[in-house]
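Each chain, letter by letter, is given below.
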Amino acid sequence: MATPTAERLSVMLGLVVLMLANVPRYLATGHDTQLTLILMAAAAVAAVSVAHWRMLEAAERTRLPALFKRFGLCLVAGGVLMGAWHALFTDWISWQLLLAHGATLGLLLHAVWLWVRMAD
């Protein structure tokens, strides 16, 4: 079994944020089945995240605030980049879809940033 790390926890919590960012989109379009499934998946990932956090050593826990700040910056960058993309190349989309796309890009940026740092 792999050792629990702060990076893994930040990506898991980012996945929970991503799933919750999709909730307004499913509410607006009336996709109740997808909404139920994504809420169940978010609850499952949140439960695994809590278990992961409990297994973290103190040194790893002290690294979490910096990782969460970086994830927040990635979320903002994802929102700005997706807003620019949709402004330049598509017709206006709903704010719900922009939120979901921005969160997706933000989590992707965060994960790639962590991957590149681990490769160094």
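Below, the structure is looked at part by part. Source: prediction; values computed, not measured.

Evaluated as defined, the whole model comprises two salt bridges. When the shortest N-O distance is used, the salt bridge between E7 and R63 registers 1.9 Å. On the criterion of sequence distance, the pair formed by E7 in helix 1 (residues 6-21) and R63 in helix 4 (residues 58-89) is long-range, its members being 56 residues apart. Residue classification places R63 among the partly exposed positions, given a relative accessible area of 32%. What you see here is one network of salt bridges that share partners, running through E7, E60 and R63.

A few words now on the packing of aromatic side chains. In the structure shown here, the tally under the stated rule is one aromatic pair. Summarising the aromatic geometry, the rings of W85 and F89 are spaced 4.5 Å apart at their centres and angled 50° between planes, so their arrangement reads as tilted. Note that W85 and F89 are positioned in helix 4 at a spacing of four residues, about one turn of the helix. Take F89: its relative accessible area is 56%, and that puts it in the exposed class. One cation-aromatic arrangement involves R61 over W53; the distance from NZ or CZ to the ring centre is 3.9 Å. Sitting above the plane of the W113 ring, R70 keeps its charged end 4.7 Å from the centroid.

Scoring rules and cut-offs
Residues numbered from 1 in each chain as written. Predicted model: local features only at pLDDT ≥ 70, side-chain atom pairs only at ≥ 80, totals over all residues. Heavy atoms only, no water. Salt bridge = Lys/Arg side-chain N within 4 Å of Asp/Glu carboxyl O. Helix = DSSP H or I, 4+ residues; strand = E, 2+ residues; numbered from the N terminus. Buried < 20%, exposed > 50% of the residue type's maximum accessible area, 1.4 Å probe, protein only. Phe/Tyr/Trp six-rings, centres within 6.5 Å; stacked < 30°, edge-to-face > 60°. Lys NZ or Arg CZ within 6 Å of the ring centre and 35° of its normal.

Any link to function would need more than the numbers given here.
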